[in-house]
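# Observations on the model geometry
Residues per chain, in single letters:
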Amino acid sequence: GTKLKVATAMGQFHSIGTDLLALCANDVAARGAEPLMFSSHHSCAKLDAQQSLQVNQGAADGCHEANCAFVEAKTAEMPGVYNSGTFDLVGFCIGATERGSLLPKRDTMTPGDVIIGLHSSGLHSNGFSLLR
């Protein structure tokens, strides 16, 4: 969405690969698991090799930081589905934990429990939509 438009306007795509991995790995971590592997899919009208390289390098750097394997990066050229210069990215992450460690632990939650919020380091994948 918006982040892809910003990256395209700036001609810089590394961060969106990193953010894609982070979004997926954070979902895994929020369930109490460790991310093990990540896969991405880049679809467009016509593949721009430099753009794809930057996206995948960003995802690979994020995987290294998250200690998770980057197992594949698929691409699909779909002229007629995407307009020239537009593209979309999707990814997924698989994680693992012991069954008893899955979050949230609803059986231990009670009314009056405290929820702790952490300060964000800035705008991330979903935050860009709020800027529009």
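This text gives an overview of the structure that appears in the document. (Residues numbered from 1 in each chain as written. Predicted model: local features only at pLDDT ≥ 70, side-chain atom pairs only at ≥ 80, totals over all residues. Heavy atoms only, no water.)

Between the first and last C-alpha of helix H2 (residues 14–30) there are 24 Å, a value that for 17 residues agrees with the 24 Å anticipated at 1.5 Å per step. Of the positions making up H2, those classed as buried are Ile16, Gly17, Asp19, Leu20, Leu21, Cys24, Ala25 and Val28. Of the residues flanking the end of H2, it is glycine 32, one or two places downstream, whose phi is positive at about 90°. (Helix = DSSP H or I, 4+ residues; strand = E, 2+ residues; numbered from the N terminus. Expected span 1.5 Å × (residues − 1). Buried < 20%, exposed > 50% of the residue type's maximum accessible area, 1.4 Å probe, protein only.)

On a regular strand, each side chain points to the face opposite its neighbour's, so the side chains alternate between the two faces of the sheet. Pairing between strand E1 (residues 34–44) and strand E3 (residues 87–96): ten bridges, direction antiparallel. What sits directly across from serine 39, in E3, is phenylalanine 92. Two elements, E1 and strand E2 (residues 69–77), share eight bridges in a ladder whose sense is parallel. Note on E2: the bridge partner recorded for serine 40 is alanine 73. In the classification by handedness, the crossover that spans E1, the intervening helix H3 (residues 49–66) and the parallel E2 is right-handed. (Pairing = 2+ DSSP bridges. Right-handed = clockwise from strand over helix to strand, strands pointing away.)

As a further point, take the side chain of serine 39. By the element assignment, serine 39 lies in strand E1. Serine 39 sits in the buried class, given a relative accessible area of 4%. A polar side-chain atom of serine 39 sits 3.0 Å from a polar atom in the side chain of glutamate 72. Non-local contacts of serine 39, meaning those with residues more than four positions away in its chain, are made with Val71, Glu72, Val90, Gly91 and Phe92. (Polar contact = N/O pair within 3.5 Å; in protein donor to acceptor, adjacent residues only side chain to side chain. Contact = heavy atoms within 4.5 Å.)

What follows covers the environment of glutamate 65. By the element assignment, glutamate 65 lies in helix H3. The class for glutamate 65 is exposed, based on a relative accessible area of 71%. C-alpha of glutamate 65 to C-alpha of alanine 45: the two residues are 20 residues apart in sequence and 31 Å apart in space.

Okay, the packing of helix H1 (residues 2–10) against H2 next. The N-to-C vectors of H1 and H2 enclose an angle of 160°; their axes lie 9 Å apart at closest approach. Considering the angle they form, H1 stands roughly antiparallel to H2. Contact with H1, carried on its side by Lys3, Leu4 and Ala7, involves Ser15, Ile16 and Asp19 of H2 and no other residues of that element. Partitioned by chemical class, the residues of the contact of H1 with H2 number three nonpolar, one polar and two charged. (Axes fitted to C-alpha atoms, helices over the stretch in contact; angles between N-to-C directions. Parallel < 35°, antiparallel > 145°, perpendicular 65-115°, else oblique. Nonpolar A, V, L, I, M, F, W, Y, C, P; charged D, E, K, R; others polar.)

Let's shift gears to the pattern of salt bridges. Oppositely charged side chains may form a pair once their charged atoms are brought near each other. For the structure shown, the criterion picks out one salt bridge. The salt bridge partner of aspartate 19 is lysine 3, with a shortest N-O separation of 2.1 Å. Of this pair, aspartate 19 sits in helix H2 while lysine 3 sits in helix H1, placing them 16 residues apart in sequence. Each member of the pair aspartate 19 and lysine 3 is classed as buried. (Salt bridge = Lys/Arg side-chain N within 4 Å of Asp/Glu carboxyl O.)

Another aspect to go through is the state of the cysteines. A complete count under the given rule lists zero disulfides for this structure. In this model cysteine 63 remains outside any disulfide bridge; the closest cysteine sulfur is found in cysteine 68, 4.0 Å from its own. No disulfide involves cysteine 93; its sulfur sits 4.4 Å from the nearest other cysteine sulfur, which is in cysteine 68. (Disulfide = S-S within 2.5 Å.)

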